[in-house]
Each structure stands twice: as C-alpha cells, then as structure tokens.
Amino acid sequence: MTALSNSQQPNISQQQLGEYQLQKELGRNREGGRISYLANHPDQNQPVVLKQFRFAQTGASWSGFKSYEREIEILQAIAHSQVPKYLDSFETEDGFCMVQEYKAAPTLAERYHLTPKQVQQVATSVLTILRDLQQQVPPVIHRDIKPENILVDDTLQAYLIDFGLAKLNHESVAVSSIAAGTPGFMPPEEIFNRPLDTAADLYSVGATLVSLLTKVPPANISDLLDDHYRLNFQSRLPPVSPRFVQWLQIMVEPNPRHRFGHAAAALEALEVIDITNLSEQLPENYHSAQSPGQKIPRRHPVRWLSIAGTLVGLVPLVFNIAISNKSAPKVSPRAPSSAARAVTAEQKWFESIKPSCNPLEVVTAIQANPYPDNPAGAGLGASCYALAGKLALADSTIQTLPERSRIVAAQILFEISHPVADRGDDESAGPLMDLVLKYWPENYMARYHAGMSAYVLAENDKAIDHLEEFLSIYSNNDGWRQKALLAINNIQQGIPADDRFKFHH
C-alpha cells in the first residue's frame, strides 16, 4: 500500500462501509482499486483497519479479489502477536472489504532515520516473526516483504502486514505461479518463476535492511542491482561491523543456496553480532573478493553461517584447531566481546581433553571430564570421539541435541576433521564426512571430500552420488570442480584412482 500524506487525505469523515465508520485513508495500492482505511465499528470501542477492494473500478482485477481470499485464509491460520488479526469481511456494491486489527505504528517506509543499532533491533523483530511463521506446518512464506509492509512501533517491535501474496500449503509454497512481489525486494528465484522456499523471504528482509541503512528509498532499491541481480550496497553503508556486512551479504545472495536456509538460522547468526563493533573480525578463511559470484568462503559453503548463532564466538577456535595432539589450538586475536567470553568454557574444555582424543583414552577421559552441555560443547565432544575413531559415539553425542541444533555440532566436526581428508587419509575421511553430511547435507565441501574418498576406496556408486551432488551445488569453475568432473569421467570409464586423487586440495 502507498501511504498518503495529510495534504493528500480525502475528506472521508461521515462516510461508512458496511457497519464501519471511516476515519481516514491509510493508503492505496498502486494498481488501483484497493484502499485501506482506519475505521471504527459503532458497537466496538476499538479502531480497525478496513481494506476495500473495488472490483468494478477500472484497473482492478479478479486476481486482486483472489488475493484477499488468500489473505483471509492465511490470517485465519496465523495466531501471532506481531501479525494483525483478521476480524471480519463483507461484500459491498462494487467489491469486497476485509477488517483487521489496527496497530498504532508507522511503516518502515515512513521511518527512515533509524540508527544502525535500531535497524538491527528491527531486523531481529522481523526475523522472529518469520521464524515462527516458517515453523508452522506447513510453513508460511510471505512473498512481499518490503518497508511498506512492516509496521514498527515506538519500542521498535515490528508487525508484518499484507499477506495477499503469501503461500500456505506445500504445493503453493514450493512453486510460484507468477512473480508477484515488489521489484528490488523480490528474490531472483521469484523473478524467474523458480521454486520458492523459506530462504525467499530472507532476501526480501535483507533488501529492506539495505534500503534502511543506505537511505535508498524503497522505490529506487532496484537501482542497486547489477547485471547478476546482486545488490551492490557496501560502499553506501554507514560505519557498521564487518561481520554484520557479511551477514547482510548472505541475506541478499542471488543464489538461494548461498543464503541462510530459514529465518531461525539467520536470527541465530544475527543475535550475537554487535553492529556497532567496527573491530569485529571476519572468519579468517572468508573470501572477501568483490567480483560477482566470489563472496563465498574458499573452503566451506557460505551457508555455514546459518548456524553461527552459537558458533560466532567459537569460529576463531574451530578454524585454528590443530589435529595433532602435540599442539594446542591457537585462537586468533580479536576484540573482546560477550560472544567470545561465552565460549571460553568450550574452548578450555577442548584444550584440556585434546591429548586424550585417542582410541585408548577417549571414553574414560570424557566420562571424567564431560563436555559443556550446549550444542558447541556437544560438537567438540563428538569431534573428540571422531578423531579417536569412535564414530558411533560421535553420532550418539550429536543425537542427544535437539534436531535443529545438530547442524551446529556437524559444523564443528567438519572444521576439525576436514584436514584428515585434505591429507588423503581416505579410510578415516570418508566415514567422517559421511557423519557430517548426515546432519549437514548441503555442505558441498563435505560432499567433495566424501566423493573423493569413496573413489579412492573404489566405492564408485557412492563416489558418483556424492560428486554429482557437489557439482549441483558448487558452481565455481576451479580446480575442485575440474577434479570432481575428472573423477566421475574416470569412474565411468573404469579407471581407478591414482595418486592425484589421494590429496583433496
């Protein structure tokens, strides 16, 4: 809806729709025929929002009427304090009206002077809504998130409105029949009418945050898109944490596989970022090249940040842990933060237990010195068991976690164990990577290592399955891709692996 200024407000006092007395016009859709009013019911002492669709008006369409029916269906399935409730609907002489709960809050399109810290607070509130909607069965995808469809009150709590394009059931969630969102805020997969999933709304949230932080008006946000449908916004940002910039880049990745998978993951990653901390360091292996298609980690899928909510402070540890029991893990220097302090117990535990991560001592050592009771601690405990060759114990340790937290442990296990695969210990690397993939199937580098190990061990069907999956995810035309293609070609021709494939770099 397009909000109207006071000077544009028509005189609607004394006008009535159905039993509702109109107070003022709140906005009207650019396409025409759809108008929102602030109204009151004479028998109810509360303001409401009345949305009118005038079907007989020039420019209106039957699809617009259908969007109201869909919005009612969605709203009736949602019971969320940050989504205005559906209250009523009725026919008029020239169309249809829907009545919703009124929230006394302006849209983000009207609140354009937020500080970066306030923008982060709004982002947290919006992602909380999406997390809850995406955890419904079936999940709800809004499909039209933009500043005009987010209300924000004085406490910076957000409210999500306008569910006319939302999808509820599995069939309509998976495939969009038409690219119906707002240019600049629509994810590329919707523009090209490709299947949508929960990552689609995250792109729109990211674009909204870009608009707020760069002060680019919503109507002009598409001006930031390049020929690869990538939003180029970094040079326009105010001073903010490098880690937040990285997080925002992931939110607006054109390829949905490179975004966070769902709102819960994006929220977990955001909650431990201090947007005002300009010294907050990026992970050491993050490839920050600015050319299109290069904003992914050199070794690991960009989606690793989808579980960074509990790992951000632990990243310096897991990226630098040495597999050798003769050296202690080195922690990269970084500015002190609450996240770093929060993982001190996990770090100290692993440093103390690492010399015992061997087949003879690991069980009794962990019984005497249990790992910290949280996802990061369980991940380190599983890694210790895995390095000792106790994969069944590593698996059962991960199984003790709630399902949504198991990817945290898989991330840590991968970071600690992938040097085994790099060095060519295929008999160990294959089972390690298989365990990682059990809980983190979209990790394309684990796919690569698992495929190469299977090829070296002459498990050819398994190797092709892993390597083809790797190629379907990993698009960079580099040595890894060429080596995977060569391995598949060799397998198909009956050529066994030679020494070139025993080292996976």
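Before reading on, note that the structure itself is shown above.
Predicted model, so just to flag it, every value in this text is computed and none were measured.

(A) Spatial organisation of unusual backbone geometry. With an omega of -5°, the peptide bond running from Val-137 to Pro-138 counts as cis. The topology assignment puts Pro-138 in the loop between α2 (116-134) and β8 (150-152). Its identity is not glycine, yet Leu-156 carries a phi of approximately 70°, on the positive side. Inspection of the secondary structure assignment puts Leu-156 in the loop between β8 and β9 (158-160). One non-glycine residue with positive phi stands out, namely Lys-215, at about 65°.

(B) Fine view of the pairing of strand β6 (residues 86-92). Of the strand pairs in this sheet, β6 and strand β7 (residues 95-101) are connected by six bridges, and their pairing is antiparallel. Among the inter-strand pairings, Asp-88 is bridged to a residue of β7, identified as Val-99. Between β6 and the antiparallel strand that follows it, β7, lie two residues.

(C) Geometry of helix α13 (residues 391-399). Every buried residue of α13 is listed here: Ala-394, Asp-395, Thr-397 and Ile-398. All buried residues of α13 fall inside an arc of 160° around its axis, so they share one side.

(D) Just the packing of helix α5 (residues 199-214) against helix α6 (residues 242-251), in detail. The N-to-C vectors of α5 and α6 enclose an angle of 135°; their axes lie 8 Å apart at closest approach. Classed by the angle they form, the pair α5 and α6 counts as oblique. Residues Leu-202, Tyr-203, Val-205, Gly-206, Leu-209, Val-210 and Leu-213 of α5 pack against Phe-244, Trp-247, Leu-248 and Met-251 of α6. Classifying every residue of the contact of α5 with α6 gives ten nonpolar, one polar and no charged.

(E) Examining the state of the cysteines more closely. Under the criterion given, the structure shown has one disulfide. The residue that forms a disulfide with Cys-357 is Cys-384, at a sulfur-sulfur distance of 2.0 Å. What sets the handedness of the Cys-357 and Cys-384 disulfide is the S-S torsion sign, and at about -115° it is left-handed. You can see Cys-357 sitting in the loop between α10 (344-353) and α11 (362-368) and its partner Cys-384 sitting in helix α12 (residues 375-387), a full 27 residues away along the chain. Cys-384 shares its class with Cys-357; the two are buried.

(F) Examining the pairing of β7 more closely. Within β7, six of the seven residues are buried, which leaves it mostly tucked inside the rest of the structure. Two elements, strand β5 (residues 47-54) and β7, share seven bridges in a ladder whose sense is antiparallel. If you follow Lys-51 over to β7, its bridge partner there is Met-98.

(G) Quick peek at the nonpolar core. By size, the foremost hydrophobic cluster in this structure holds 61 residues, and its most contacted members are Leu-127, Phe-163, Phe-244, Trp-247, Leu-248, Met-251 and Phe-260. Of all elements in the fold, only α1 (62-77), β7, α2, β8, β9, α5, α6 and α7 (263-271) reach the threshold of two or more residues within this core. Apart from the residues lying within four places of it in its own chain, the contact partners of Leu-127 are Leu-202, Val-205, Trp-247, Met-251, Ala-263, Ala-266, Leu-267 and Leu-270. One finds Ala-378, Ala-409, Ala-410 and Trp-480 within the second-largest nonpolar core, a separate group that totals 55 residues.

(H) Quick look at the packing of aromatic side chains. Taken as a whole and assessed by the stated rule, the structure comprises eleven aromatic pairs. Following the ring pairs from residue to residue traces out a cluster consisting of Tyr-444, Tyr-448, Phe-470 and Trp-480.

(I) Main features of the packing of α13 against helix α15 (residues 426-439). Two numbers describe how α13 lies on α15: the axes approach to 11 Å, and their chain directions differ by 15°. Compared by their axis directions, α13 and α15 come out roughly parallel. Taken as a pair, α13 and α15 cross one another with a handedness that is right-handed. For the pair α13 and α15, the contacting residues are Leu-391, Ala-394, Asp-395, Ile-398 and Gln-399 in the first and Pro-431, Leu-432, Leu-435, Lys-438 and Tyr-439 in the second. Taken together, the residues of the contact of α13 with α15 sort by class into seven nonpolar, one polar and two charged.

Rules used in this analysis
The numbers attached to residues start from 1 for each chain and follow its sequence in the written order. Residue-level local features of this predicted model are given only where pLDDT is at least 70; pairs of side-chain atoms are given and counted only at 80 or more, and the full residue set underlies all totals for whole chains, interfaces and linings. Excluded from the side-chain calculations are hydrogens and water; all other atoms, namely the structure's heavy atoms, are used. Each helix is a run of H or I in the DSSP string that is no shorter than four residues. Each strand is a run of E no shorter than two, and both are numbered from the N terminus. Strands are treated as partners if at least two bridges between them are detected by DSSP. Residue exposure (1.4 Å probe, protein chains only): buried if accessible area is under 20% of the type maximum, exposed if over 50%, otherwise partly exposed. Throughout, the arc means that of the directions going from the helix axis to the C-beta atoms. Note on geometry: axes are lines fitted to C-alpha atoms, helical ones only across the stretch in contact, with angles between N-to-C directions running from 0 to 180 degrees. Angular relationships are summarised with four words: roughly parallel below 35 degrees, roughly antiparallel beyond 145, roughly perpendicular across 65 to 115, and oblique for the angles in between. A contact between two residues is defined here by any heavy atoms of the two lying within 4.5 Å. All amino acids are sorted into three groups, where Ala, Val, Leu, Ile, Met, Phe, Trp, Tyr, Cys and Pro are nonpolar, Asp, Glu, Lys and Arg are charged, and the leftover types, Gly among them, are polar. A pair of cysteine sulfur atoms is labelled a disulfide when the two atoms are within 2.5 Å. In this description, a nonpolar core means a group of buried Ala, Val, Leu, Ile, Met, Phe, Trp, Tyr and Cys residues linked to one another through side-chain atoms lying within 4.5 Å. Working definition: rings of Phe, Tyr and Trp (its six-membered ring) pair if their centres are within 6.5 Å, and the pair is stacked with planes under 30 degrees apart, edge-to-face with planes over 60 apart, and tilted otherwise. In a left-handed crossing the near helix is turned counterclockwise from the far helix by less than a right angle, and in a right-handed crossing that turn is clockwise.

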